[in-house]
Amino acid sequence: MMKNKFYITTPIYYVNANPHIGHAYTTIAADCLARFYREQGHDVYFLTGTDEHGQKIQKAAEQLNLSPKEFTDCISPKFKELWQTLNVSNDDFIRTTDARHIAAVQKFWEILKAKDEIYEGEYGGWYCVPDEMFWMESQLVDGKCPDCGRAVDFIKEKNYFFKLSKHQDWLLQYLKENPDFVFPQTRYNEVVGFLENNKLTDLCVSRPKSRLNWGIEVPFDREHVTYVWFDALINYISAIGFVDDKAKFDTFWPADIHMMAKDIIRQHAIYWPIMLKAAGLALPKQIVAHGWWKMGEIKMSKSLGNVVDPIEMVEKYGVDAFRYFLMRDVPFGGDGNFSTDSFEKRFNGDLANDLGNLVHRTANMISKYVDGKIPQGTALIWPEGIDSPILEKFVVQGGQASDLISKLAFNLYLAEVWDLIGAANKFVEQIKPWNLKKEGKQDEVINFLGIVVAVLKFSAQAIAPIMPSTAEKIKEQFSGDVIKIGEPLFPRVE
Ligand code: ME8
């Protein structure tokens with residue numbers, strides 16, 4: 001039997017600064033899906049990586065007196081290490097400086113050229129020499145560079161153009177026929193609206209080497225390098241063997257999900273599908289664009305410096321608490337405001353008081369009331385007179401796996417699990433096992449503990465994609481014959 005495959009990608013991140021919580025968010029969300037589908041038996045390929053060419057990177061390197069390659073060799077591993085620290089289970093890590101990627105970009109150029117989708121043209125604009133930036137007439141301030149105020153020159157240069165515009169109607173039609181192509185709906189509407197109200201122009205996809213040489217050479221004109229987005233997007237196919245592994249490519253392409261934030265939706269929902277269509281390749285199944293993490297009301301970004309460092313968060317609170325907060329606090333798709341207050345509220349509430357407490361008190365009760373023997377395997381009976389619809393349903397019907405993860409409703413998914421955990425904590429107070437024990441009702445004590453252990457095992461399974469090591473720790477404590485009392489999972493923070 002052929003296994004279902006699931007190919008998911010994150011953006012490849014620019015290496016001109018260290019990764020922050022925004023990058024961590026996308027990558028962790030993708031990781032939750034990758035883990036979820038692996039658990040479901042899919043053949044999963046989870047790709048992330050770094051975007052290393054272009055002027056921004058070249059400049060960042062120059063400032064440090066390094067060659068661009070020396071610079072990117074220094075920063076790219078920081079992303080790789082961060083993903084390990086965050087327990088991210090990526091199957092591959094692509095760098096746009098990898099030989100396999102350079103070969104794929106050049107093959108893509110050749111295909112488009114052969115299909116007459118590329119032409120030579122002239123590019124004109126107001127150029128600020130010190131800033132190495134092109135500006136449109138309308139962007140100039142008093143006829144000068146809007147960035148630095150210096151004089152600008154009108155420059156015309158030869159470049160290659162990709163015939164984006166001729167595919168506009170096709171793309172709009174495609175979007176109308178495939179309303180799930182972009183998620184969430186708000187972003188879908190935005191893309192459709194943009195295409196309905198604007199005329200696409202052809203895309204200038206090369207830069208003369210006299211201006212920029214840190215890029216992938218155009219295979220049929222070595223005096224030009226590839227425009228960064230025309231280079232970067234292709235990573236999604238270069239990583240799965242576009243040039244050198246047909247079997248792998250045929251297995252995994254098209255991607256199931258390209259995950260990102262809303263800032264780069266246009267490149268992914270307009271440029272990329274048109275590039276693929278023009279090259280005769282299948283389109284990804286879905287473009288998923290979540291919101292932004294903000295500080296106050298301002299988007300976190302490396303250029304503003306208002307960022308939260310994921311490493312600091314992990315050192316202070318642990319990996320799983322960080323992963324939990326990101327996936328729980330904000331409905332996926334919307335923007336989120338980061339504050340230490342809201343983080344610590346969730347930490348002390350959901351993690352320390354609810355989950356941590358249930359694990360710890362259950363382990364202690366097993367040790368105290370039943371000589372450490374974990375009650376399991378026997379049919380559970382719902383105790384009469386106890387009012388807890390959520391838990392009663394769980395006992396009577398067994399735990400139901402939720403499909404909210406596959407619908408990308410991570411926060412609702414977690415809320416459901418926490419409803420059950422909350423009900424189980426309340427159940428302890430309702431049942432008062434210490435009284436049952438005093439009254440010698442040992443069967444009832446065992447039945448009670450059996451119910452709580454079943455809740456914990458079910459919850460551990462359910463949270464595994466989001467909190468993999470916490471799930472493991474719970475399973476370790478409760479899966480054998482005898483309880484292994486562990487350290488508190490989430491000691492309160494003050
Ligand atoms: O755009 N909130 O790279 P990039 C949420 N190299 N997510 C955020 C975020 C925030 N405040 N800030 C960044 C690039 N992100 C290109 C991509 S892909 C072929 C090329 C995340 O380093 C989010 O996923 O600027 C966003 O889309 C991405 O980082 C942008 O990363």
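Parameters and conventions
Residues numbered from 1 in each chain as written. Predicted model: local features only at pLDDT ≥ 70, side-chain atom pairs only at ≥ 80, totals over all residues. Heavy atoms only, no water. Axes fitted to C-alpha atoms, helices over the stretch in contact; angles between N-to-C directions. Helix = DSSP H or I, 4+ residues; strand = E, 2+ residues; numbered from the N terminus. Parallel < 35°, antiparallel > 145°, perpendicular 65-115°, else oblique. Contact = heavy atoms within 4.5 Å. Nonpolar A, V, L, I, M, F, W, Y, C, P; charged D, E, K, R; others polar. Pairing = 2+ DSSP bridges. Near = heavy atom within 4 Å. Polar contact = N/O pair within 3.5 Å; in protein donor to acceptor, adjacent residues only side chain to side chain. Areas by Shrake-Rupley, 256 points an atom, 1.4 Å probe, with all protein chains shown as cover. Disulfide = S-S within 2.5 Å. Buried < 20%, exposed > 50% of the residue type's maximum accessible area, 1.4 Å probe, protein only. Salt bridge = Lys/Arg side-chain N within 4 Å of Asp/Glu carboxyl O. Expected span 1.5 Å × (residues − 1). Bend = angle between axes of the 7 residues up to and from the residue.

Trainee: Tell me about the packing of helix α12 (residues 319–329) against helix α15 (residues 410–431), and please be specific about residues and values.
Mentor: Axis separation between α12 and α15 bottoms out at 7 Å; the angle between their running directions is 110°. The orientation of α12 relative to α15 falls into the category roughly perpendicular. Facing α12, whose interface residues are Tyr324, Met327 and Arg328, α15 presents Phe410, Asn411, Leu414, Ala415 and Trp418. Partitioned by chemical class, the residues of the contact of α12 with α15 number 6 nonpolar, 1 polar and 1 charged.

Trainee: Would you mind going over the sheet that holds strand β15 (residues 298–299) in detail, with residue names and values included?
Mentor: Two modes of strand pairing occur in sheets, parallel and antiparallel, and in both the strands are linked by backbone hydrogen bonds. With mixed pairing, the 3 strands of this open sheet are ordered in space as β15-β14-β16. Each edge of the open sheet is held by one strand with a lone partner, namely β15 and β16 (336–337).

Trainee: Describe in detail the site of the ligand, supporting the description with residues and values.
Mentor: Surveying the vicinity of the ligand reveals 26 residues, the closest of which are Ile12, Thr26, Asp51, Asp263 and Trp293. Residue aspartate 51 places a side-chain N or O atom 2.7 Å away from a nitrogen atom belonging to the ligand. Aspartate 263 places a polar side-chain atom, nitrogen or oxygen, 2.9 Å from an oxygen atom of the ligand. Surface burial for the ligand is 96%, taken as the share of its 680 Å² of free accessible area covered by protein chains. When residues of the shell around the ligand are traced back to their parent elements, those giving at least two are β1 (5–14), α1 (21–39), α7 (228–232), α8 (235–238) and β12 (257–261). Sorting elements by how many residues they give to the shell around the ligand places β1 first, with 4 residues. Of the residues belonging to the shell around the ligand, the class tally is 14 nonpolar, 8 polar and 4 charged.

Trainee: A description of the state of the cysteines should follow, citing residues and the corresponding values.
Mentor: On inspection of all chains with the given rule, the structure shows 0 disulfides. Lacking any disulfide linkage, cysteine 148 is separated from the closest cysteine sulfur, that of cysteine 145, by 3.7 Å.

Trainee: Can you tell me about the environment of valine 445, naming the residues and giving the values?
Mentor: For valine 445, the location among the structural elements is in helix α17 (residues 442–463). With relative accessibility at 0%, the residue valine 445 sits in the buried group. Considering only alpha carbons, one finds valine 445 and lysine 432, 13 residues apart in sequence, at a separation of 9.4 Å.

Trainee: Would you mind going over the pattern of salt bridges in detail, with residue names and values included?
Mentor: The full count for this structure, using the stated rule, is 31 salt bridges. Aspartate 403 is the salt-bridge partner of lysine 407, the closest N and O atoms lying 3.2 Å from each other. Accessibility expressed as a relative area gives 52% for lysine 407, which makes it exposed. Among the ionic pairs, lysine 441 bridges to glutamate 439, the shortest N-O distance being 3.0 Å. By relative accessible area, lysine 441 is classed as partly exposed at 35%. In the salt-bridge network here, residues are joined through shared partners; they are Glu52, Lys69, Asp73 and Arg95.

Trainee: Describe helix α10 (residues 265–279), listing the residues and the values that go with them.
Mentor: With 15 residues, α10 ought to run about 21 Å at 1.5 Å a step, and its terminal C-alpha atoms sit 21 Å apart, in line with that. Maximal helix bending in α10 amounts to about 30°, located at tyrosine 271; proline proline 273 follows within four positions. Counted residue by residue, α10 has 12 buried out of 15 residues, so it is predominantly covered. All of the buried residues in α10 are Ile265, Gln267, His268, Ala269, Ile270, Trp272, Pro273, Ile274, Met275, Leu276, Ala278 and Ala279. Phi turns positive one or two residues past the end of α10, at glycine 280, with a value near 80°.

Note that every value here comes from positions in space, so none of it alone points to a role or purpose.
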